[in-house]
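Examination of the molecular architecture
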Amino acid sequence: MDFDYIIIGGGIAGLSLGAKLAGAGSLLLIERETNLGYHASGRSAALYEPNYGPPEIVALSSESSDAFHAMAGILTPRGVMSVAGEGQDALFGQDVDAMDMQEISIDEACHIVPILNPKAVWRAARADHAWDIDTDLLLQGHAATLRALGGQVVTKANVTAITPQLGGWTIQAGDQTYSGKMLINAAGAWADQIATLAGVNPIGIQPLRRSMARIPAPGNHDVSGWPMMFGAGETWYAKPDAGALIVSPADADLVEPQDAWADDMVLAEGIARYEAMVTSPVTQLLANWAGLRSFTPDHVPVIGHDLMQPNFFWLAGQGGYGFQTSPAASELAFNLLTWQPSNLSRPLIMKLSPLRFL
Ligand SMILES: Cc1cc2nc3c(=O)[nH]c(=O)nc-3n(C[C@H](O)[C@H](O)[C@H](O)COP(=O)(O)OP(=O)(O)OC[C@H]3O[C@@H](n4cnc5c(N)ncnc54)[C@H](O)[C@@H]3O)c2cc1C
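Okay, so let's go over this structure. (Residues numbered from 1 in each chain as written. Predicted model: local features only at pLDDT ≥ 70, side-chain atom pairs only at ≥ 80, totals over all residues.)

Turning our attention to the sheet that holds strand β4 (residues 75–77). Spatially, the 3 strands line up as an open sheet ordered β3-β8-β4, and their pairing is antiparallel. For this open sheet the edge positions go to β3 (47–48) and β4, each flanked by a neighbour on one side alone. As paired elements, β4 and strand β8 (residues 131–133) share 3 bridges and run antiparallel to each other. For L75, the partnering residue across the bridge sits in β8 and is I133. (Pairing = 2+ DSSP bridges. Helix = DSSP H or I, 4+ residues; strand = E, 2+ residues; numbered from the N terminus.)

This is the structure we're talking about:
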């Protein structure tokens, strides 16, 4: 066999694991696109909010805190704010509880974000425990570590065939054939397609499209210190980004795995929900895009060896949390692949395991 480990997928999942695993054996990471992080990992909102998401995500995100804070330059304080209009008290209450926010007065909210419309915003809450993630730096750092440890990366290499061999796999990628003992499926929205190619039962990964627009800083305000704002019930969100604001309709439309793009109507409706809460209308879009947030049927990531084919390892279904969970998720994957104990609780490891889909 050419390699001990072959990872398919050059997003945050594959790269964060590769940066750990390259020290444990010979490793090849295969990516179809020319650039690493081209799909979901290049299109995220780049937020680390450890209280955001279902319990298993919160556990992985919280476990990731020390690693994130130890990485120089990766996190920058951001904070979050929830804003609710008339009749949205129940949704607002759920968000405040879930994200452990403190309710603040409308005056205070408008002082923090001067474009909030006091006639439209009925309730507001905020929390400081949320950070911007420098996702480019994180991805490039992992790629550099992977290579420094002797791992190899091939790009522009579409995996089209995966054939089981005694003790491993033969993989056709582009015009090359590679062999490896352990195949790691970190293919994001394409994770089920990779399983099918390998003759492994797919899990039912669902790619949900999420769109984003970049707009100029409203009213020429300095937006750099504004928190990330969520419409109650996550019906839209807006976040400062390099001197501008990114606004998302928070859409979650099921699509085929693809190079996703924003739907104009979905974007317009989401921007209208944002505009309903602010005094500054959107007159210009600087850019727009969409990415796929890929979920398992129970919306919990899948991390572990396939039961029927133990040389096939799943690292997929990270949904909208793939960056903020990546330190703990990659550590668990590393520990399982190298047969080392994990800090995570046994019930959590079992909840993440592919065995639950049998
Ligand atoms: C709009 C948006 C906002 C988000 N905001 C946040 C956020 O604020 N915080 C957060 O933590 N997460 C966020 N996420 C989620 C996060 O971006 C994803 O969970 C994460 O990027 C998934 O990483 P991945 O490596 O699994 O997938 P990807 O980045 O999609 O990587 C998978 C790779 O596999 C490759 N591949 C697939 N098939 C093949 C093949 N046959 N051959 C070779 N290569 C193949 C693909 O080309 C792709 O590059 C957001 C996502 C979106 C779309």
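The next subject is the site of the ligand. The environment of the ligand is made up of 39 residues, and the closest members are G9, G11, G188, G291 and G322. Secondary structure elements with two or more residues in the shell around the ligand: α1 (12–21), β13 (206–215) and β18 (287–295). The residue makeup of the shell around the ligand, split by class, is 18 nonpolar, 15 polar and 6 charged. Mapped onto the domain boundaries, the shell around the ligand takes at least three residues apiece from domain 1 (3–44 + 135–202 + 297–357) and domain 2 (80–127 + 206–295). (Near = placed C-beta within 6 Å. Nonpolar A, V, L, I, M, F, W, Y, C, P; charged D, E, K, R; others polar. Domains from an automatic or database assignment.)

Moving on, we get to the pairing of strand β5 (residues 80–84). Of all 5 residues in β5, 5 are buried, a share of seventy percent or more. Sheet analysis places β5 next to strand β7 (residues 123–127), joined by 5 bridges and oriented antiparallel. Residue A84 lies in a different strand from β7, and its bridge partner there is R123. Pairing of β5 with strand β14 (residues 228–231), which is carried by 4 bridges, proceeds in the parallel orientation. The residue of β14 that forms the bridge with M81 is M229. (Buried ≥ 20, exposed ≤ 12 C-beta atoms within 10 Å, placed from the backbone.)

Coordinates in, geometry out; function isn't part of it.
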